[in-house]
Amino acid sequence: MLGAAASGILGVLGAYLFLELWRADLSVPFRYYQIDDTKFYLALVKDILEHGSYQHNPSLAAPFGAVLYDFPQSADNLNLGLIRVIGFFSSDFALVTNLFFLLTFPLTAWAAYYALRRLDVGPAIATVCAVLFALLPYHFYRHESQVLLSAYYAVPLGGLLFLSLFAERPLLRRRGTGHPALRWASRRSLATIASCVVIGSTGLYYATFTILLLLVGTAVVLVAGGGRRRAAAGGVTCAVICLTLIVNLSPSLLYTARHGADPQIARAPVESEQLGLRVSSLVLPVRAHRLPALSGVNLKYAAETSPGYCESCNETLGAVGAVGFVLLCLVGLAACAGTAWAPAESRRLEWQRPLRPAALGVAIALAIGSVGGVSALIAFAVTPDVRAWNRISLFIAFFSLLAVAVLLDRAGRRLRGGPGGGRGRAWLTALLLGVVLVLGALDETSTFFVVNYAASAREYRGDQAFGRLIQARLPPGSNVLELPYVPFPEGYHVPGQPPPSAFGTSYDLLRPYLNTHGLHWSFGAMKGRPADWQGAMAAKRLDVVVAGAAAAGFAAIYVDPKGYDPATALRVRAGLTALLGAGPLVSARQDAWLFDLGPYLRAIRRRAAPGVLAAAREATLHPLRTICGSTPADLILENPTPAPRPATLTASLSAPLPGGATLLISFPDGTGVQRRLASAPVALHRHVVVAPGRSEVRFGLAGLPPFGSGPSMLPFLVSSPTLTDAAYAPLLSGPPAARSSLPLGGLVGPTCNDLYLASAGSHYPSAFPRRPAGRASRRPF
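Read on for an overview of the structure. In this text the structure is predicted, and so the values were computed from the model without any measurement.

**Considerations on the environment of L148**
In step 1: Within the fold, L148 resides in helix α7 (residues 147-150).
In step 2: Given the relative accessible area of 4%, L148 is considered buried.
In step 3: C-alpha of L148 to C-alpha of D76: the two residues are 72 residues apart in sequence and 7.2 Å apart in space.

See the structure below:
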C-alpha cells in the first residue's frame, strides 16, 4: 500500500512540477488553443454535466440537436463515468476537465505499480518504474487536447495479461473447493475479468492493441507447446475484452445498423501509414530536451521526415525506457539464437528468462504498429478506423520499463551482496533508485509541453465575457447561426490526408456554446447526415444564407472572423452590416461578432407573401445538395423531398491546360452545354428542376481520345458546386450585380466540393472508380 500511495503522489507531483501548474488556474481550461481537439473534449464534458449524456446535445446543431453516434466515444465509458462522478461535486466543466486530467497521472501510476507487483517486481523499484510510465512524453503531448487518450491506465493491465500467458501463475485459476459452478470464480480469475472489463471500457485503441497482443501471444503458446489451458485462458480474455467493447459501442452499432454508415466519417487505409509507429521515434530525445545538445534533435527529425504533422515524434520512451527497449531487443535476439553456452553460463543468464515474454511483446508491437507492418494489412483488409498505430508505443514503454526493473533489481542485489551488505548498504540502492527516478523524469519531460496559461486565461475570460453579452442580448432558447461553416467533426479533414492545421479543422466554433447557457448553436451537426443542413449553405452567397437563417427561425448570426482570411472577414462584416442595416456586437478582443436578425426578419415578414417564409424554411432545413458521383465526371443533385424543386446550379470551372479545352456538360433533363475553359475560372450558372431523389450532371472533354490510346488524364476543376433553391428569390433584395459580389457563407463549398474530371466516353483512368455495370451513359454530344 505504501508503494501504491507513493506512486500516485509522485505521479501527481510530477505533473504539477513539469507542467508548472502553480501558474495555472483550475477554473480555466489548462489548454484553450485554437488548433487542437481541446474544445471538443471540453464540450463533451459540458454535455455530460448539463445533459447527463454526450450522445445527444440539444444545445448544438440547431435546430435539430447534435447526435454523436457516428463519432463514438462510448468505448471510453469508464473514463466518462469518472467525469460524471467528478461532476457531482462541481458543474464547472473547465474545473472538471482539469481534475480528470490530473487524475490520469495517479491512475496510470497505480495501474503500472499493480501490474509490476504482480510480475514480482519489488515495491520500491515498481514505484520508480510506475512513475516514469505515468510521466511519459505521450502523456504530456496528449494533455487535454486528447484527454481520454491521456487516461492510458489500461495499458499496464493489458501488458500484464499478455505476460501472464507465459507466467507460472495462469490468468484463470480454478478453486479446489466450493460449488462446481463457482469454482472458476477465484480471486485471480475475477482480477483477470475485471482487468478485461477496464481495458474494454477505456478506449478503442488500447483495447484493440491488447486484443492483438493476446491473440498473437495465444498462438505462440500453442505453437510452443504451452498447453491448451493457457491458450484457452488467452482466448477467454480476448473474448471478454471484445464483448465489453461491443457492449460499450452498442449504441453506435445499433444507430449505424438503423441509419447506415456515414461515409463522411470514414477513414482511409493510407492514414494507418501516416500515423504508424516508427522505431526511430522511440529512441529520439523528447522535444526541447533540457540538454542543449539534444534540444533540437526531435524537432529537426520531425521537420525533415514529417513536415506539418508528426504524431509519432512524441512517442519517445525516454533514456531510461530506451535502455530497457535495447535490452529487450538483445534478449529477443539471444532467444532466437538459441542456447549455445555451457550449463554454468546458462545459469548466469537465468535472469533473462522473465524478460523473454516482454521481448516477444515488443516484437509483436513493432510488427503490428510499424509503418508497413500488420497494421497496414488490417487497415486495408479489415477496417481503417483504427489508424494511429503509433500509440501502441505505450505497450513497448511498459515492457521496456519492466526490463529496467529487472536491471535495477540485479543492481540492488549486487549493492547489497558485498561486505557490509543487507541493510547497511540499502542506502546505496535507495540512492540508485532516486537517481534513476529524478534523471529519468527530467529526461522524459521538457518545457515544450508547458502551456501558456496566461494566454489561455485571457482567451477563456474574454469568451466568458462575450458570452454574457450574448445572453443579455438574445432571448433564452434562441437559435444562433455560426459562420463560417466548418464541418463537424474534424473540420475539412480529407480521408487519406494528414490532419491539416488550418482553422477549418478546429473546434473553435464551440466557443460560444462553452460560454453560454440556454442558447442553441448551429455548429455540431454530424457531417454526412441530414441534420447538417448548413453544409449545403457553405457555397451560397451571404444574402441567401441570411435569408435562409431568418426563415428557419434563427435569431442571430455569430461570426468568428479568424475563420476567414482577413480580407474576406472584412467583406463578411461589411456585407452583413449592409444586409441587416446594423453593425455587430463585437467582443472585447475583436475576435467574435454577433449580428441580430430580429429587424431583418420583421422587415421580410412585412413584404413577403404568405407561405414564402415557410418555403424558405423548408429549403434551408431540407436543402438541395450536390454530391460527388461514382466517377470524377459525375455530379449528383439530391432532392430529399417528394416534389420537384426549381433551383439554380452554380459552380466555378477551370482547366489549367495549354490552349484550354472544351468542357461538355449534360444535365438531367437531357440538354447540354459546352464551355470553353482555360486556367482562369469560368462561372457555371444554370436553372434546373431537381427531381425527387438523385439525378446526375455529367462532364466530359471534347476530342479526348479513349483511355489507353493516348494521354487521357487531363485535369478539370469544378469548384464549389451548389444548388440555390428558387424559394429564396422572393426574400432577396437589391440588384443582382451587387448581390453577386457578396462572399460565401463558408470557407469553401460543401465537403465534397471539388471534382477532378478526366477522360471522355465510358473510359476512365484506373486511378478513379469505374461506373457500376448496368448504368447507361447519357451523353447528348
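**So, the pattern of salt bridges**
In step 1: A full pass over the atoms with the stated rule returns 24 salt bridges.
In step 2: Between E490 and R387 there is a salt bridge, and its shortest N-O distance comes to 3.3 Å. Of the two residues, E490 sits in the loop between β3 (479-483) and α22 (511-514) while R387 sits in the loop between α18 (374-381) and α19 (393-417), which places them 103 residues apart along the sequence.
In step 3: Residue class for E490 comes out buried when judged on its relative accessible area of 16%.

**Looking at the sheet that holds strand β6 (residues 585-586)**
In step 1: Strand order in the open sheet formed by five strands is β4-β3-β5-β7-β6, with mixed pairing between adjacent strands. On the outer flanks of this sheet lie β4 (520-521) and β6, each paired with one strand and no other.
In step 2: Where β3 meets β4, two bridges bridge the pair, whose relative direction is parallel. Note that in β4 the partner of N479 across the bridge is H520.
In step 3: Sitting on the sheet, helix α23 (residues 542-551) is in contact with β3 and β5 (554-559), with an inclination near 160° to β3.
In step 4: Contacts between helix α24 (residues 566-580) and the sheet are confined to β5, β6 and β7 (593-596), with β7 contributing the most and set at about 20° to the helix.

**With respect to the environment of Y153**
In step 1: Assignment of secondary structure puts Y153 in the loop between α7 and α8 (154-164).
In step 2: Expressed as a C-alpha distance, the spacing of Y153 and A109, which sit 44 residues apart in the sequence, is 7.5 Å.
In step 3: Here Y153 is in contact with L78, N79, L82, L107, T108, A111, V198 and T202, once residues within four sequence places are set aside.

**Points about helix α21 (residues 453-473)**
In step 1: With 21 residues, α21 should reach 30 Å at 1.5 Å per residue; the first-to-last C-alpha distance of 30 Å fits that figure.
In step 2: Within the sequence span of α21, burial applies to Y453, A455, S456, Y460, D463, F466, G467 and I470. With its buried residues spanning 165° around the axis, α21 presents them on a single face. For α21, the exposed residues lying more than 90 degrees away from the buried face are R458, R468 and A472.
In step 3: In this fold, the buried residues of α21 make contact with α4 (93-118), α22, β4, β5, β6 and β7.

**Here we look at the packing of helix α2 (residues 38-51) against α4**
In step 1: In contact at an axis separation of 9 Å, α2 and α4 are set at 115° when each is read in the N-to-C sense. The pairing of α2 with α4 is recorded here as roughly perpendicular in orientation. For the pair α2 and α4, the sense of crossing is right-handed. Facing L42, V45, K46 and L49 of α2, the residues of α4 in contact are F93, V96 and T97.

**With respect to helix α1 (residues 2-18)**
Since the α-helix turns once every 3.6 residues, residues separated by three or four places project in the same direction.
In step 1: Between the first and last C-alpha of α1 there are 24 Å, a value that for 17 residues agrees with the 24 Å anticipated at 1.5 Å per step.
In step 2: Taken as a whole, α1 has its buried residues at G3, A4, S7, G8, G11, G14, A15 and F18. When α1 is viewed along its axis, its buried side chains cluster within an angular range of 140° and face the same direction. Opposite the buried face of α1, at more than 90 degrees from it, the exposed residues are L2 and I9.
In step 3: Looking at the packing, one finds that the buried side of α1 touches α4, α5 (123-134), α6 (137-142) and α20 (426-444).
In step 4: Looking one or two residues beyond α1, the residue adopting positive phi is E20, at roughly 55°.

Calculation rules
Per chain, residues are indexed from 1 in the order of the written sequence. Where local features are concerned, this predicted model is filtered to residues with pLDDT of at least 70; where side-chain atom pairs are given and counted, the filter is 80 or more; whole-chain, interface and lining totals use all residues. Hydrogens and water are ignored here; the side-chain numbers use all heavy atoms of the structure. For helices the rule is a DSSP run of H or I covering at least 4 residues; for strands it is a run of E covering at least 2, with both sets numbered from the N terminus onward. Each residue gets one of three labels from its accessible area relative to the maximum for its type: buried under 20%, exposed over 50%, partly exposed in between, using a 1.4 Å probe on protein chains only. Counted as salt bridges are all cases of a side-chain nitrogen of Lys or Arg within 4 Å of a carboxyl oxygen of Asp or Glu. Two strands pair if DSSP finds at least two bridges between them. Whether two residues are in contact is decided by their heavy atoms: any pair within 4.5 Å suffices. To define axes, lines are fitted to C-alpha atoms, for helices over the stretch in contact only, and angles between the resulting N-to-C directions are given on a 0 to 180 degree scale. Take the residue count of a helix, subtract one, and multiply by 1.5 Å to get its expected span. The arc under discussion is defined with respect to the helix axis, by the directions toward the C-beta atoms. Working rule for angles: under 35 degrees goes down as roughly parallel, over 145 as roughly antiparallel, 65 to 115 as roughly perpendicular, anything else as oblique. In this scheme, a crossing is called left-handed if the near helix is turned counterclockwise away from the far one by less than a right angle; it is called right-handed if the turn is clockwise.

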